[in-house]
Number of protein chains: 2
Amino acid sequence: MPSGKILVAQGGGPTAVINQSLVGVALEARRFRDVRLVYGARHGVRGIVDEDFVDLTQETSHNLELVAATPSSALGSTRDKPDLKYCHEIFEVLRAHEIEHFFYIGGNDSSDTVRIVSEEAQKAGYPLRAIHIPKTIDNDLVGNDHTPGFPSAARFVAQAFAGANLDNAALPGIYVGVVMGRHAGFLTAASALGKKFADDGPHLIYVPERVFEIETFLADVKATYERYGRCVVAVSEGIHDAAGTPILARLANDNKVDLEHDAHGNVQLSGSGALADLLCEEIKSKLKIKRVRGDTFGYLQRSFIGCSSDVDQREAREVGEKAVQFAMWGQNGQMRDGSVAIKRTGFYSVDYELLPLSAVAGKTRTMEDEFLTAAGTDVTDAFRLYLRPLLGSGMPDAYRLRAAPVARVLKV
Amino acid sequence: MPSGKILVAQGGGPTAVINQSLVGVALEARRFRDVRLVYGARHGVRGIVDEDFVDLTQETSHNLELVAATPSSALGSTRDKPDLKYCHEIFEVLRAHEIEHFFYIGGNDSSDTVRIVSEEAQKAGYPLRAIHIPKTIDNDLVGNDHTPGFPSAARFVAQAFAGANLDNAALPGIYVGVVMGRHAGFLTAASALGKKFADDGPHLIYVPERVFEIETFLADVKATYERYGRCVVAVSEGIHDAAGTPILARLANDNKVDLEHDAHGNVQLSGSGALADLLCEEIKSKLKIKRVRGDTFGYLQRSFIGCSSDVDQREAREVGEKAVQFAMWGQNGQMRDGSVAIKRTGFYSVDYELLPLSAVAGKTRTMEDEFLTAAGTDVTDAFRLYLRPLLGSGMPDAYRLRAAPVARVLKV
């Protein structure tokens, strides 16, 4: 007799809406008579190998709804990237608990974990349905129009730049805002949606999809400053030179600043204000401009409570619900494991499909060429049309005085 | 015959609601038959000496309402701190334009400017009414229960920490958030309002009202980390040692980091991520904790669009309206210059009074002792009661799973 047990977990960086997907799974699953118990693993795959499970079946629907609207991973998350041995351990725990369905909400590393666990189960002849549920503020999952979590983070970035632009207009100078994104510039590019008037910032946008040249950057800033008397710049933390070396690493080396590295030897890009500070220092020393300010949006952009897109909330919920439906019914009657993906079907509407895990796992999407202008320092209208509906309803708007000038009396 | 001209200007750091005060002046003034024209000076006192005026009478009421709801100073602002000569120039321009009422929206430097200009006018026997309208996210004006702009910035800080706490709970480690405030810790202390459950962060709060000892700080962080497996810290940019030296300056000196100084030789505290980075470095190197992340809230906390308190919006509007009424009618029939102040009259309601300019000008309020615990790393219930109503309606809330544990099968 089937155990009727399903397991859900959350991996990688939290988002504003990741709990919608969790609750989507938990509530939808219980509508199926085959499901008896819904477990959640604490802190992602780490909680699976540690058998650190909670029984979500005992949560009230009411509390689940409140948790769904709360940002960050309610089950806790992990940065563990399981290798084959780790995945085998995961599978052994799933088998020991007679888990029949495994849902993992995460980015491309997580989809790769699901892929390997799924293969382990097949090899062992164990009847596991393993489904990856997309989530990442980086928007870098292939096969998806966009990923849950990205719209809300993009909304935060757009609102932040809309405000920073107003502040910079009131007290003119240079403003550099550094946004998360190692390989994909989607989130940084979202800053363009904070722009309303032609002379609004961000005036310059730098993403990892283009090579960053410090000399060109300084020339761009200078030209903008001369034109508008101020300049607002949006920069991805992952900008790099032609050799692929992060600009943060290069400037830090020039300025003898120590940086943190991860287990793979990659420079830790988030969690410090170093890149913004180093870029500001370049501008001050090379362009001799006095008022230069840098902000690093840091964890605020993915964790700030009270700034999410209602479209994102809805879709994050639906990918959770659809994951359960795909697991139970398969896609077009074909029962198989996979990765839930968002497909755009109208302006604006979406549908969901199940992609093979191998089509998503471990791959990274970057910004399409059509989304960036030839100069590479601004987005195209195609990007604006792509992103605008995702930001959701109630986007705050900025207004100006029309400012009819008064004739001078003394200094005529 | 009176000219019927009034002038309004905005000074110092922008806030989320400073345009409410501007629009409060502009719309209320035109209800008086003595007022014919409402001028605005661009970029504060700088615009006055430059005679850079716009005619706000030509704005539509509709657009003024939209501008009122837009953050940052719509007229532009300035960091100029006028000396006696500068104030004399201001007065000469006001006289040349036959300005009869001067309203300056700003912090304590701005109130001092109004005071000097008012004295200049009296000396010259020129009939000027000069009124200071309070504004500052630092909440450091004496004579006020609180200042417009502070509640919205406090709300941003509370929401930011509520989110950062959730993020830190999902991926445990140390998180240091640096908040604006050179002398007054009100805004940093607002982080406590993002706390809900007993083990939520911020676990430690450091404000300029208390001497900051690096050794004590490290011991506090260590103890919290040992207790909760994580630690969220809120720090004012203005924390200093017993000698009054900013901690930023001390750590920067130890680490050979160059800092920017203002015209008065003060270290530039805002606009860089250095303090957060240096504190994180101390924690990493001295406590050997691996996951240590720092964010500097920077300009986001005062400029973010779409995160304001409705109470703040309303009061900022009212101080503008009352300023005009005080100028026209005086307080209790006594016609005189002054500084509009907010007085708390209930839980929660306020009234407004006109204080003598000399009572406010150039003075700095800091956090009252009753608002800080004996240890100095947390706020008291008195502070929570003081701040909560200011944050306004619709504060986002965080919910948790109740997390019923599941028995282990393998590792019993």
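Note: the structure precedes this text.
Residues numbered from 1 in each chain as written. Chains lettered and ligands numbered in written order. Predicted model: local features only at pLDDT ≥ 70, side-chain atom pairs only at ≥ 80, totals over all residues. Heavy atoms only, no water.

## Things to note about the relation of the copies chain B and chain A
When chain B is brought onto chain A, the operation consists of a screw motion whose angular component is 180 degrees and whose axial shift is 0.0 Å, with 0.0 Å RMSD remaining. Read as a symmetry element, the transformation amounts to a two-fold axis. When C-alpha positions in chain B are compared against the rotation axis, the closest is assigned to Gly273 of chain B, at 2.3 Å. (Least-squares fit on C-alpha atoms with pLDDT ≥ 70 in both.)

## What about the pattern of salt bridges?
Summed over the entire model, instances satisfying the criterion amount to 54 salt bridges over all chains. Linking Glu260 of chain A and Lys284 of chain B is a salt bridge whose minimum nitrogen-to-oxygen distance equals 2.6 Å. In this pair, Glu260 of chain A is assigned in the loop between helix H9 (247–254) and helix H10 (274–287) and Lys284 of chain B in helix H10 (residues 274–287), connecting two distinct chains. We classify Lys284 of chain B as partly exposed; its relative accessible area is 23%. The residue Glu282 of chain B makes a salt bridge to Lys286 of chain B at a minimum N-O spacing of 2.9 Å. Linking Glu282 of chain B with Lys286 of chain B, this pair stays in helix H10, spanning four residues, or about one helical turn. Given the relative accessible area of 12%, Glu282 of chain B is considered buried. The network of salt bridges with common partners includes Arg46, Asp50 and Asp80 of chain A. (Salt bridge = Lys/Arg side-chain N within 4 Å of Asp/Glu carboxyl O. Helix = DSSP H or I, 4+ residues; strand = E, 2+ residues; numbered from the N terminus. Buried < 20%, exposed > 50% of the residue type's maximum accessible area, 1.4 Å probe, protein only.)

## Side note on the packing of aromatic side chains
As enumerated under the stated definition, the model contains 37 aromatic pairs over all chains in all. A ring pair is formed by Tyr39 of chain B and Phe53 of chain B, whose centres lie 5.9 Å apart and whose planes are at 35 degrees; its orientation type is tilted. Placement of the pair is Tyr39 of chain B in strand E2 (residues 37–41) and Phe53 of chain B in strand E3 (residues 53–55), with a sequence separation of 14 residues. Residue classification places Tyr39 of chain B among the buried residues on the basis of a relative accessible area of 7%. With a relative accessible area of 2%, Phe53 of chain B lands in the buried category. Three or more aromatic residues link up through ring pairs in this structure, and these residues are Phe156, Phe161, Tyr175, Phe297, Tyr299 and Phe304 of chain A together with Phe156, Phe161, Tyr175, Phe297, Tyr299 and Phe304 of chain B. The side chain of Lys196 of chain A reaches across the aromatic face of Tyr399 of chain A, ending 3.7 Å from its centre. Over the ring of Phe326 of chain A we find Lys322 of chain A, and its NZ or CZ is 5.4 Å from the ring centre. (Phe/Tyr/Trp six-rings, centres within 6.5 Å; stacked < 30°, edge-to-face > 60°. Lys NZ or Arg CZ within 6 Å of the ring centre and 35° of its normal.)

## A short note on the interface of chain B and chain A
Listed by partner, the interface residues are 89 residues for chain B and 90 residues for chain A. With both sides pooled, the region where chain B packs onto chain A buries about 7,000 Å², and carbon together with sulfur makes up 58% of that total. Measuring nitrogen to oxygen at the nearest pair gives 3.6 Å for the salt bridge that ties Glu260 of chain B to Arg293 of chain A. Seen at the junction of chain B and chain A, the total is 45 residue pairs in polar contact (both at pLDDT 80 or more). Residue assignment for the side of chain B that touches chain A shows that the elements contributing at least two residues are E3, helix H3 (61–68), helix H4 (84–96), helix H6 (150–170), H10, strand E9 (292–296) and helix H11 (300–303) of chain B. If you tally residues by element for the side of chain B that touches chain A, the top one is H6 of chain B, at ten residues. Counted by class, the side of chain B that touches chain A contains 43 nonpolar, 25 polar and 21 charged residues. (Contact = heavy atoms within 4.5 Å. Buried area = accessible area lost by both parts, 1.4 Å probe. Polar contact = N/O pair within 3.5 Å; in protein donor to acceptor, adjacent residues only side chain to side chain. Nonpolar A, V, L, I, M, F, W, Y, C, P; charged D, E, K, R; others polar.)

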